[in-house]
Amino acid sequence: MGIVQKFKAWRQSQHEGKIARSAKTAKNPKAIREDRWAAIESLCDAEAPSEAIPALLQRFEFSLENGIADAREKELAMGGITRFGDRAVPLVMEHLVATTRIAWPIKILRSLGNEALVMEGLKKALNFGETTFDQAQTDKNYDLLCHLVEFKLGSFAADLGRFLDDPDERVRFAAAEVLIEQNDPALVPKLEGFLMDQTVENIRIRQAVLRAFVERQWTLGQPERIPGGEVLPGVYVTGTKTLAVRGQHS
């Protein structure tokens, strides 16, 4: 190896060491505040997205007791990510799938593009596997579903029916809210069963579904399953297989 090559290798080693040290300090909640700020600034100056972005994203994995200082550091880190524009998107998407702290990655995606980009990130981050014994993943799914309620999801919405059977009531409720807001007749059968569900565990879901059937005048697929034609006293099945409140026009 010639002198030029050795010098380049040395420079590269120095650069990589600096990035590694900055990354280590930036993600350390116990680091001296001034040192952590300097580390974030250093990462914000890095030229390669592959070096800067994964390290900066780690700053969103913890919060400081000092809310003002915490927000300032996160805003600085966010600016260091968004400056890369479209080149940041794949790395932020990848992080959103891996992390359970989704608020800032979603905020970054919103600043990087249109709402379709945010929706895609939310969809990819959902965990369709078994999360019963993983509270962090359960909480993440709940948070993601709460965000997804803002979007029209097309055919993907049908896949969310899996969460109507989730052991966590919050997740079931959030999934039901998403399906309700789609206002898609094809999804109504997935919700109709809750009209007859009188368990305490699903009382909020039943109320939300009942309100949706009345207000949106969805057609019942199996009205014969409702005993006596009344879901609740005063809420009855009409001749057109919709629900109405007695005393109001159907």
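Everything below is about the structure shown above.
No experiment lies behind these values; they were computed from the predicted model shown. (Residues numbered from 1 in each chain as written. Predicted model: local features only at pLDDT ≥ 70, side-chain atom pairs only at ≥ 80, totals over all residues. Heavy atoms only, no water.)

Caption draft 1: Focus on the overall build of the protein. The number of helices and strands found in the protein is 11 helices and three strands. Mapped in sequence order, the helices and strands of the protein form the string α-α-α-α-α-α-α-α-α-α-α-β-β-β. Computed over C-alpha atoms, the radius of gyration of the protein comes to 25 Å, more than 25% over the 18 Å expected from 2.2 N^0.38 for 250 residues, which places it beyond the range of a compact globule. The principal-axis extent of the C-alpha atoms belonging to the protein is close to 90 × 35 × 30 Å. (Helix = DSSP H or I, 4+ residues; strand = E, 2+ residues; numbered from the N terminus. Rg over C-alpha atoms; globule rule 2.2 N^0.38 Å.)

Caption draft 2: Structural context of helix α11 (residues 203-216). With 14 residues, α11 extends 20 Å between its outermost C-alpha atoms, agreeing within 8% with the 20 Å of an ideal straight helix rising 1.5 Å per residue. Buried within α11 we find Ile205, Arg206, Ala208, Val209, Leu210, Ala212 and Phe213. Tucked into the core, α11 has its buried residues touching α9 (169-182), α10 (188-192), β1 (230-232), β2 (235-237) and β3 (243-245). Just past α11, the residue glutamine 217 takes up positive phi, approximately 55°. (Expected span 1.5 Å × (residues − 1). Buried < 20%, exposed > 50% of the residue type's maximum accessible area, 1.4 Å probe, protein only. Contact = heavy atoms within 4.5 Å.)

Caption draft 3: Quick peek at the nonpolar core. Ranked by size, the top nonpolar core spans 70 residues in total, and within it Ile81, Leu145, Leu148, Leu153, Leu160 and Leu243 carry the most contacts. Looking at this core, the element that brings in the most residues is α9, giving eight residues. When near neighbours in sequence (up to four residues on either side) are disregarded, leucine 148 contacts Met119, Leu122, Lys123, Leu126, Leu153 and Val178. (Core = buried A, V, L, I, M, F, W, Y, C linked by side-chain atoms within 4.5 Å.)

Caption draft 4: Quick peek at the pattern of salt bridges. As enumerated under the stated definition, the model contains 14 salt bridges in all. Here lysine 74 ties to aspartate 70 by a salt bridge, and the two come within 3.0 Å at their closest N and O atoms. Taken as a pair, lysine 74 and aspartate 70 lie in helix α4 (residues 67-82) at a separation of four residues, close to a single helical turn. Accessibility assignment for this pair places lysine 74 and aspartate 70 in one class, buried. Salt-bridge contacts for glutamate 150 lead to arginine 110; the nearest nitrogen and oxygen are separated by 3.5 Å. A residue pair is termed long-range when its members are at least 10 positions apart, and glutamate 150 in the loop between α8 (135-148) and α9 and arginine 110 in helix α6 (residues 103-112) qualify at 40 residues. Under the relative-accessibility criterion, glutamate 150 is labelled exposed at 52%. (Salt bridge = Lys/Arg side-chain N within 4 Å of Asp/Glu carboxyl O.)

Caption draft 5: Here's a closer look at the side chain of asparagine 141. Position of asparagine 141 relative to the elements: it lies in helix α8. When residues no more than four places from it in sequence are discounted, the contact partners of asparagine 141 are Leu126, Asn127, Thr131 and Phe163.

Caption draft 6: Structural view of the sheet that holds β1. The strand order across the open sheet formed by three strands is β1-β2-β3, and the pairing between neighbours is antiparallel. A single partner strand is all that each edge strand has here, and the edge strands are β1 and β3. Strand-to-strand, the axes of this sheet are offset by a mean angle of 30°, without reference to chain direction. The pairing of β1 with β2 spans two bridges and is classified as antiparallel. Paired with glutamate 230 across the strands is tyrosine 236, a residue of β2. (Pairing = 2+ DSSP bridges. Axes fitted to C-alpha atoms, helices over the stretch in contact; angles between N-to-C directions.)

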